[in-house]
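Geometric and topological summary
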Amino acid sequence: MASRLSEIVIKAHDPRALAEFWCAVLGFQIIDIDDGAVEIGPDAGFGGIQPTLVFVPTVESKTEPLRLHFDVNATDREQDAELERLLALGARKVDIGQGDDASWHVLGDPEGNEFCLLRTRLPE
């Protein structure tokens, strides 16, 4: 037997706003709001192929780069167009020393959590 990821929990100063950002990035929807925590996921909801994301309230400040981050790939456009879409949603470019020749873009979400936009386009 094995385990699989069902949820990824992320601390947030504003769980609702961060959930809405990631809903727009991933095409997810809000599944549940409970005691300040906001869970988002695909149409299949909890237990599907993709894990849900749960944003829980915190007052802690982010002080260093995350030890874990998301990599995302565009599904319906090329990388440059997806980069522009993500920046318009509120992402910002982050320099972690990746260099100008990297095939990926390092971004931060509205609360500064790093994630990468990879070059390869994936099927929806």
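Here is what the cut-offs are and how they apply
Residues numbered from 1 in each chain as written. Predicted model: local features only at pLDDT ≥ 70, side-chain atom pairs only at ≥ 80, totals over all residues. Heavy atoms only, no water. pLDDT = per-residue confidence, 0-100. Helix = DSSP H or I, 4+ residues; strand = E, 2+ residues; numbered from the N terminus. Pairing = 2+ DSSP bridges. Buried < 20%, exposed > 50% of the residue type's maximum accessible area, 1.4 Å probe, protein only. Contact = heavy atoms within 4.5 Å. Polar contact = N/O pair within 3.5 Å; in protein donor to acceptor, adjacent residues only side chain to side chain.

Turning our eyes to something else, we now look at the confidence of the model for the protein chain. Low pLDDT means the predicted coordinates in that region are not meant to be read closely. When the pLDDT values of the protein chain are averaged, the result is 93; 99% of them are 70 or greater. By mean pLDDT, the top-scoring element of the protein chain is helix H1 (residues 15–26) (98), and the lowest-scoring one is strand E5 (residues 70–72) (94).

Here strand E6 (residues 92–93) runs beside strand E7 (residues 105–108); their pairing, made up of 2 bridges, is antiparallel. Within E7, the position partnered with Lys93 by the bridge is Leu107. The pairing of E7 with strand E8 (residues 114–117) spans 4 bridges and is classified as antiparallel. By the bridge assignment, Leu107 is partnered in E8 with Phe115.

Attention now goes to the environment of Ala74. Among the structural elements, Ala74 can be located in the loop between E5 and helix H2 (79–89). When its relative accessible area of 4% is taken as the criterion, Ala74 is described as buried. Every residue in contact with Ala74, bar those within four places of it in the chain, is listed here: Glu82, Leu117, Thr120, Arg121 and Leu122.

With that out of the way, let us pick up the side chain of Gln79. Within the secondary structure, Gln79 is located in helix H2. Overall, Gln79 belongs to the buried group, its relative accessible area being 11%. Of note is the side chain of Gln79, whose polar atom sits 2.9 Å from the backbone oxygen of Ser103. At 3.2 Å, the side chain of Gln79 forms a polar contact with the backbone oxygen of Leu117. Setting aside residues no more than four positions away along its own chain, Gln79 makes contact with Ser103, Trp104, His105, Leu117, Leu118 and Arg119.

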